[in-house]
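Tertiary structure, described
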Amino acid sequence: MVVKKRRKRRDNKKKKRVTVSFFKDERFKFILGVLILIISAYLLVAFISFLFYGAADQSKLDLKWSELVFNSDVKVQNKAGKTGAYLAETIINKGFGIASFLFVYLMILVGIKTLGRKVSHLKKSFWLSLISIAWFSVTLGFLFMKNDAGTYTYLGGQYGFIIGIWLSSLIGKTGTILLLFLTALIVLTVSFENTLPFIKKLVRKKQPENQDMPVVDEEGLEENPEGDLIFEESISKVIEEDDIVKAIFDPDEEQAEEETIVKEEDNSTEVEIPEAMEVSKPDGNGPELTVEEGVEEEEAEQDITQMEDYDPTLELSNYKLPPVELLLDHHSGNAEVSNEELISNKNKIVETLRHYKIEITKIRATIGPTITLYEIVPAPGIRIAKIKNLEDDIALSLAALGIRIIAPIPGRGTIGIEVPNQNPEVVSMKSIISSRKFQESTGELPMVVGKTISNETYMFDLVKMPHILVAGATGQGKSVGLNVMIASLIYKKHPAQIKFIFVDPKKVELSIYSSIENHFLAKLPGEDDSIITDIQKVKNTLNSVNVEMDLRYELLKRAHARNIKEYNKKFISRRLNPEKGHRYLPYIVVIIDEFADLIMTAGKEIELPIARIAQLARAVGIHMIIATQRPSTNIITGVIKANFPARIAFKVASMIDSRTILDTPGANQLIGKGDMLIASGSNITRVQCAFIDTPEVEEMCNYVAGQQGYPQPFLLPEYVSEDDEPIDADLNSLDELFEEAARLVVLNQMGSTSMIQRKLSIGYNRAGRIMDQLEAAGVVGPSEGSKARQVQIQDEYSLEQLLNSLN
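Residues numbered from 1 in each chain as written. Predicted model: local features only at pLDDT ≥ 70, side-chain atom pairs only at ≥ 80, totals over all residues. Heavy atoms only, no water.

Quick look at the overall build of the protein chain now. Of the regular secondary structure elements, the protein chain holds 29 helices and 21 strands. Residues counted as buried form 44% of the 807 residues belonging to the protein chain. Taking the contacts inside the protein chain whose residues are at least 6 apart along the sequence as the reference set, 68% of them involve residues at least 24 apart. When the accessible area of the protein chain is evaluated, it comes to approximately 44200 Å², of which 54% is carbon and sulfur surface. (Helix = DSSP H or I, 4+ residues; strand = E, 2+ residues; numbered from the N terminus. Buried < 20%, exposed > 50% of the residue type's maximum accessible area, 1.4 Å probe, protein only. Contact = heavy atoms within 4.5 Å. Areas by Shrake-Rupley, 256 points an atom, 1.4 Å probe, with all protein chains shown as cover.)

Caution applies to low-pLDDT parts of the model: their predicted coordinates are not meant to be read in detail. Looking at the protein chain, pLDDT values average 78 and 78% of them are 70 or higher. Confidence drops under pLDDT 50 across residues 205-302; counting only partners more than four residues distant or on other chains, this segment forms 137 contacts. (pLDDT = per-residue confidence, 0-100.)

Attention shifts here to the packing of aromatic side chains. Summed over the entire model, instances satisfying the criterion amount to 9 aromatic pairs. Judged by centre distance (5.2 Å) and plane angle (80 degrees), the ring pair of Y310 and F571 falls under edge-to-face. One end of the pair, Y310, is in the loop between α11 (297-306) and α12 (339-355); the other, F571, is in helix α20 (residues 564-572), and 261 residues separate them in sequence. Within the aromatic cluster, the residues linked to one another by ring pairs are Y319, F500, F502, Y513 and F520. (Phe/Tyr/Trp six-rings, centres within 6.5 Å; stacked < 30°, edge-to-face > 60°.)

Here we take up the packing of helix α6 (residues 101-114) against helix α7 (residues 122-143). The axes of two packed helices give the description: the angle between them and the distance between them. At a closest axis distance of 10 Å, the pairing of α6 and α7 adopts a crossing angle of 165 degrees. Taken together, the axes of α6 and α7 are roughly antiparallel relative to one another. Between α6 and α7 the crossing geometry is left-handed. From α6, L102, F103, Y105, L106, L109 and K113 reach across to α7, where they touch L122, S125, F126, S129, L130, S132 and I133. Its residues assigned to classes, the contact of α6 with α7 shows 9 nonpolar, 3 polar and 1 charged. (Axes fitted to C-alpha atoms, helices over the stretch in contact; angles between N-to-C directions. Parallel < 35°, antiparallel > 145°, perpendicular 65-115°, else oblique. Left-handed = near helix turned anticlockwise from the far one by under 90°. Nonpolar A, V, L, I, M, F, W, Y, C, P; charged D, E, K, R; others polar.)

Let's shift gears to the environment of P446. Residue position: P446 is located in strand β10 (residues 446-452). Ignoring sequence-local partners within four residues, the contact set of P446 consists of F438, S441, M459, F460, D461, S488, L489, K492 and K493.

With respect to burial, strand β13 (residues 498-503) is a largely interior element, 6 of its 6 residues being buried. Burial of the side chains of β13 extends over both faces: I498, F500 and F502 are buried on one face and K499, I501 and V503 on the other. In this sheet, strand β16 (residues 587-592) lies alongside β13 in parallel orientation, the contact comprising 6 bridges. By the bridge assignment, F502 is partnered in β16 with I591. Pairing analysis gives 2 bridges linking β13 to strand β15 (residues 531-532), with the strands arranged parallel. Within the sheet, the bridge partner assigned to V503 lies in β15 and is I532. (Pairing = 2+ DSSP bridges.)

This part takes up helix α5 (residues 81-96). If you check α5, its first and last C-alpha atoms are 21 Å apart, about what 16 residues at 1.5 Å a residue would give, namely 22 Å. Regarding α5, the residues found buried are G84, A85, A88, E89, I92, N93 and G95. (Expected span 1.5 Å × (residues − 1).)

This brings us to the packing of helix α26 (residues 738-748) against helix α29 (residues 796-806). For the pair α26 and α29, the least separation of the axes is 10 Å and the interaxial angle reads 155 degrees. Taken together, the axis directions place α26 and α29 in an arrangement best described as roughly antiparallel. Considering how the two elements wind past one another, α26 and α29 form a crossing that is right-handed. From α26, F738, E739, A742, R743, V746 and L747 reach across to α29, where they touch E796, L799, E800, L803 and L806. Taken together, the residues of the contact of α26 with α29 break down into 7 nonpolar, no polar and 4 charged.

In this section: the sheet that holds β16. Read from one edge to the other, the open sheet built from 10 strands follows the order β11-β10-β20-β19-β18-β12-β17-β16-β13-β15, with strand pairing classed as mixed. Single-partner strands in this sheet number two, and they are β11 (457-461) and β15.

Before going further, it helps to spend a moment on the pattern of salt bridges. Pairs may arise between side chains of opposite charge once their charged atoms sit close together. Taken as a whole, this structure holds 21 salt bridges when the rule is applied. Between R404 and E418 there is a salt bridge whose closest N-O contact spans 3.0 Å. On the criterion of sequence distance, the pair formed by R404 in strand β8 (residues 404-406) and E418 in strand β9 (residues 415-420) is long-range, its members being 14 residues apart. In this structure, R404 and E418 share a single accessibility class: buried. Note that D675 is salt-bridged to R686, the shortest N-O span being 2.4 Å. Separated by 11 residues along the polypeptide, D675 in strand β19 (residues 675-680) and R686 in strand β20 (residues 683-689) bring together distant segments of the chain. The class of R686 is buried, set by a relative accessible area of 5%. Sharing partners across several salt bridges, the network here consists of R404, E418, D675 and R686. (Salt bridge = Lys/Arg side-chain N within 4 Å of Asp/Glu carboxyl O.)

Right, let's talk about the pairing of β20 for a bit. As paired strands, β10 and β20 are joined by 3 bridges and run antiparallel to one another. Residue G450 lies in a different strand from β20, and its bridge partner there is C689. Examined bridge by bridge, β19 and β20 share 6 bridges and lie antiparallel to one another. Its bridge partner lying in β20, I678 is registered against T685.

The biggest cluster of nonpolar side chains holds 110 residues, and the ones touching the most others in it are I468, F500, Y513, I592 and I610. A total of 8 residues in this core trace back to one element, the largest contributor, which is helix α19 (residues 535-559). Once you skip the residues sitting within four places of it in the chain, I468 turns out to touch M447, F460, L462, M485, M624, I625, I626, F644, A646 and I648. Core analysis: the next-biggest nonpolar cluster, separate from the first, contains 23 residues, L744, V746, M771 and V791 among them. (Core = buried A, V, L, I, M, F, W, Y, C linked by side-chain atoms within 4.5 Å.)

Our next topic: unusual backbone geometry. Look at the link from A407 to P408: it is a cis peptide, with omega at -10 degrees. Turning to its location among the elements, P408 is positioned in the loop between β8 and β9. Put simply, M465 and P466 share a cis peptide bond, and its omega is -5 degrees. For Q749, which is not glycine, the phi dihedral falls at a positive 50 degrees. Residue placement: Q749 occurs in the loop between α26 and α27 (753-760). For S761, which is not glycine, the phi dihedral falls at a positive 55 degrees.

Let us look at the side chain of T370. The residue T370 is located in the loop between β6 (360-367) and β7 (371-378) in this model. T370 gets classed as buried once you look at its relative accessible area, which sits at 7%. Contact partners of T370, with chain neighbours within four places excluded, come to P420, N421, P424, E425, I671 and Q688.

Turning our attention to the environment of G472. Mapping G472 onto the fold places it in the loop between β12 (468-471) and α17 (478-490). A residue is classified by how much of its surface remains accessible, and G472, at 0% relative accessible area, is buried. Taking the C-alpha atoms as reference points, G472 and K651, separated by 179 residues in sequence, lie 5.4 Å from one another. If we skip the residues at most four places from it in the chain, G472 touches K478, T628, Q629, F650, K651 and V652.

A word on a nonpolar patch on the surface. Taken together, Y159, I163, W166, L170, I171 and L179 make up a surface patch of nonpolar side chains, about 590 Å² in accessible area. Summarising the element assignment, L179 is placed in helix α8 (residues 157-191). (Patch = residues over 30% accessible without salt bridge, like charges linked within 9 Å, V, L, I, M, F, W, Y side chains within 5 Å.)

Among all positions in helix α14 (residues 391-398), only E391, I394, A395 and L398 are buried. Buried positions in α14, seen along its axis, are confined to an arc of 100 degrees and lie on one side of it. Away from its buried face by more than 90 degrees, α14 exposes D392 and L396. The inward-facing, buried residues of α14 contact α12, α13 (384-388), β8 and β9. Backbone geometry just after α14 places A399 at a positive phi near 55 degrees. (Arc of directions from axis to C-beta.)

Have a look at this one:
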């Protein structure tokens, strides 16, 4: 008996599973969706025909349902037949009037949703349509209580007619009109965000005497005279549970969906008040105005208030930022992730986990430009490490290029599985430059680099970073990423506000920006090229930046300012005297490509000035972006990592390289082509880098170069290195081994002190003195760090002539 009961229970469970699986089947949903759309089309035809032929069919529709349907002698003119005429009569005349057309609209939305298509704001449309049906029915029933002769259709329907008569008798016609107007105003204000600002503008137009008065709303937010507040919305393309039509299973789906919607509504809208609206209050404890000696403070304050603020952009007042139209749209038409792909990946993930006896209670998909994030909630008692170890098995089942498991996702309480999309989308530079988030940004140095997994524009302020270390293997998008960062600053800042220093050992990556040297570039005095490619010039430039940093700190000290923002604010308000050395300080961004080549060539001579800039230069507006394709420990040393908290990692070859750049694995599992991880503090964000092609950069540079620029680039302070100092070598008292050393150097075509020391069997000090004498005589060139000196004389005949002239 016990066995039979168990079998019955199993059979009942199987039947329930079959029933549930049938209703979850995609074929059932497809058939149901098509059926709903066909019924909607049938009702639409019936309703429209009823408007034209309702009067002619009136006598037939008064018959009983059985007589109307089963009597073949009864004919109607409605294009939907007797059934359509009866339904139209029942829903329109005996129901809600012509507002019943909104029922057809609702059925169409439900049918499209059932087919698995994306319907935005479905719940909002549903409730708004129901409220509109009731409002229009009552309004039309009140306005058209008496039908015209020959008109059969009741515009408000029977319900609207009855409620309209009841309201008229209850509160009168005037009260009914006011009530209907009030309800319409409330619905519009709640449903549409632009209704309230539009009404406020109309009210202000009627009161011109108060236009200059700031308006403060109930929450205490001050608005400008136009009444505009800037809202920053994060637009995300997130596939929620009901968007996939239960394809991604969730037992507590409705409850989880409501919680998710509430959380997203709470966090989706932020209010930003521009800096122009902030009222700066004088600080009694802060530094006072600096005035000339012998002038009283009151007179100085009056002079300051009478003078206009200094405009750093006045010299290039006609300069215009590059237009967005210069950029191209690289979107591809077939880059969307289909519902079938989501369901297939979901089933494969669930099946793979069940093979290893890992049950999950919930799974959710978030679609990004190139990857889709599947968030799973494991059943109680499942160890996270067990899922983490199945990374390769899941990648095998999905046949993906490479997946990345985040266990757990910080702050979410879920485990993330990132799966590459079959048809990745190209994020164009035009889309992120024209985004509202970038256009309305108020940061000092806003940089926009791409889009996150949720299709949100990823932007940061370089001032808060304040230096960035970029690493990745060859061909994974480093140079494109640098161009994106440079372009975002050029699209946002005036040439007077920012200057670039480009270091390009490859000589071809950043040379495209040479045409804008009089607008945005900085260089050493007397140099011809603004793009620095020579190793010796790189050392001099970095040391010159150190000198500029020290000079700026001295100016900040004298101005009693803590950072460049406070200093420039005082200078613009004419609280600092230019005759005492004060000047407007633009931001300086040093961008170094192929950092590994510099370290291999110059070593400490490059690393030390870079480390000093990274440690101290933040407060004076000097920032660095360093890129390398070799993220090894001998290139990215501890000193560099300690002073570059913000790091960007493109795809690297091994987990060791990923740990070197990010201190965690993950960069080795990226899919390339601009896929990157951005680490800022303890947070790591996966971003698809935007794509900007070389012709787009050329168009942008040509547009800037075609405008008026400064007479010359921004000049850095002069720096004289120890190698450039004159050699204290007396050619009248040459070393005994001078001629032999000269022949040795010319014969081997290598000016090396260690070679002279080794070949001539002498000490290092004597070999160094001989090398100084060879440099003074013109046999070898100046020192180049750890590299051998260049030999100036190519053959022995020329050497003999030089030696004879010295004798």
